[in-house]
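Listed below, chain by chain, are the residues.
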Amino acid sequence: MATLLNIETSTSVCSVALTHEGQVIFRRENYEGPSHASCLGGYVQEAIDMAKHYGFKLDAVAVSCGPGSYTGLRIGVSMAKGLCFGLGIPLIGINTLEIMTCHVMFREKYPENTLFCPMIDARRMEVYSAIYDLSLNPVKPVSADIIEADTYENFLREQSVLFFGNGAAKCRSVLTNPKALFLDKDINPLASDMLALAEKAFRERDFKDVAYFEPFYLKEFVATKPKHKVYN
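What counts, and where the lines are drawn
Residues numbered from 1 in each chain as written. Predicted model: local features only at pLDDT ≥ 70, side-chain atom pairs only at ≥ 80, totals over all residues. Heavy atoms only, no water. Helix = DSSP H or I, 4+ residues; strand = E, 2+ residues; numbered from the N terminus. Contact = heavy atoms within 4.5 Å. 1 Å grid on protein atoms, 1.4 Å probe; cavity = no way out; pocket = protein on both sides within 12 Å on 5 of 7 lines; lining within 4 Å. Points joined across faces, edges and corners; volume = space filled by probe spheres on them. Nonpolar A, V, L, I, M, F, W, Y, C, P; charged D, E, K, R; others polar. Axes fitted to C-alpha atoms, helices over the stretch in contact; angles between N-to-C directions. Parallel < 35°, antiparallel > 145°, perpendicular 65-115°, else oblique. Left-handed = near helix turned anticlockwise from the far one by under 90°. Pairing = 2+ DSSP bridges. Buried < 20%, exposed > 50% of the residue type's maximum accessible area, 1.4 Å probe, protein only. Polar contact = N/O pair within 3.5 Å; in protein donor to acceptor, adjacent residues only side chain to side chain. Salt bridge = Lys/Arg side-chain N within 4 Å of Asp/Glu carboxyl O. Expected span 1.5 Å × (residues − 1). Arc of directions from axis to C-beta.

A.B. asks: Could you give me a rundown of the environment of L197, with the residues and numbers involved?
C.D. replies: With respect to the helices, strands and loops of the structure, L197 is situated in helix α5 (residues 195-203). Contacts of L197, omitting those with residues within four sequence positions, involve I94, E98, I99, C102 and L136.

A.B. asks: Which residues make up empty space enclosed by the protein, and what values do they have?
C.D. replies: Throughout the structure, instances matching the rule amount to one cavity of 30 Å³ or more. Of the voids in this model, the largest cavity is the one considered here, and its volume is about 40 Å³. Forming the boundary of the largest cavity are H103, V104, R107, E108, Y110, L183 and K185. Partitioning the lining of the largest cavity into residue classes produces three nonpolar, one polar and three charged.

A.B. asks: Requested: an account of the packing of helix α1 (residues 36-53) against helix α2 (residues 70-87), with residues and values cited.
C.D. replies: Two numbers describe how α1 lies on α2: the axes approach to 10 Å, and their chain directions differ by 30 degrees. Taken together, the axes of α1 and α2 are roughly parallel relative to one another. Helix-helix and strand crossings are classified by hand; for α1 and α2 the assignment is right-handed. Only G72, I75, G76, M79 and L83 of α2 make contact with α1, whose side of the interface consists of H36, A37, L40, G41, V44 and I48.

A.B. asks: So what's going on with the sheet that holds strand β1 (residues 3-8)? Which residues, and what values?
C.D. replies: Taken together, five strands build an open sheet; the order of strands is β3-β2-β1-β4-β5 and the sheet is mixed. Whereas interior strands pair on both sides, the edge strands pair on one side only; in this sheet they are β3 (23-30) and β5 (91-94). Recorded for the sheet is a direction-independent mean angle of 15 degrees between the axes of neighbouring strands. Relative to strand β2 (residues 14-20), β1 runs antiparallel, the two being bridged by six bridges. Within β2, the position partnered with L4 by the bridge is T19.

A.B. asks: Tell me about the side chain of N30, and please be specific about residues and values.
C.D. replies: Relative to the helices and strands, N30 is located in strand β3. You can call N30 buried: its relative accessible area is 11%. At 2.8 Å, the side chain of N30 and the backbone nitrogen of E32 are in polar contact. In contact with N30, not counting residues within four places along its chain, are S12, V13, C14, S35, C39 and Y43.

A.B. asks: Go over the pattern of salt bridges, please, and point to the residues and values.
C.D. replies: Here the structure, examined in full by the defined rule, presents eight salt bridges. Put simply, D121 and K170 hold a salt bridge, and the shortest N to O gap is 2.4 Å. Of this pair, D121 sits in strand β6 (residues 115-121) while K170 is found in the loop between β9 (161-164) and β10 (180-182), placing the two residues 49 residues apart along the sequence. Take D121: its relative accessible area is 34%, and that puts it in the partly exposed class. Among the salt bridges present, the one from K200 reaches E204, with a minimum N-O distance of 3.1 Å.

A.B. asks: Would you mind going over α2 in detail, with residue names and values included?
C.D. replies: Its 18 residues place the ends of α2 26 Å apart at the C-alpha level, agreeing with the 26 Å of an ideal helix rising 1.5 Å per residue. Among all positions of α2, only G72, L73, G76, V77, A80, K81, L83 and C84 are buried. Summarising the axial view, the buried residues of α2 lie within an arc of 160 degrees, below the 170-degree limit, and thus occupy one face. Turned more than 90 degrees off the buried face of α2, the exposed positions are T71, F85 and G86.

So this is what it looks like as structure tokens:
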């Protein structure tokens with residue numbers, strides 16, 4: 001397996017993790033607000049020093065590619081691209097909402113037909129979300145959604161949907177369908193939760209062009225009410 005440096009800066013949390021042969025061997029996280037510019041460089045250097053200490057050679061850098069905040073993503077992606085260019089190693093881009101979903105899936109067991117809806121907060125009653133099944137297959141693609149009582153009714157009609165993330169709390173009083181479930185704890189995208197996704201991308205050689213890769217920002221989406229078929 002590979003030795004990967006993982007960077008996550010899509011929200012107000014700044015995090016870095018070093019993984020080796022399927023294990024997280026180093027992690028740093030800062031929850032004290034947007035602090036990416038001041039924290040990220042030091043965290044990355046600590047991770048690189050740790051790899052050198054154990055004699056590990058970095059095989060690739062994985063970075064969260066959004067949706068997320070413009071400033072946070074720019075800082076994280078710029079750091080990742082600089083490392084890949086300087087070290088001559090591949091760049092991996094990981095969807096932020098998939099990172100959040102992995103965090104939830106891997107910590108508890110859920111019924112096989114449960115759907116997972118990570119949410120990143122946007123202004124007013126808008127969120128950026130996707131819906132995944134238990135195999136992390138996308139049931140609803142990433143989109144900006146205006147939250148009303150029937151926003152996800154097509155999915156909730158037949159299946160339970162678990163909502164989580166920093167955009168979920170404000171939806172709780174609106175999405176009153178009994179099949180709408182909410183996690184009480186905060187779920188943030190973290191670099192340590194990128195392990196499985198980054199290793200899969202590395203095995204499949206799903207690499208980004210270091211020169212031209214750009215993340216997708218929250219501002220690139222136009223909020224809509226999702227209209228999708230029921231997933232069976």
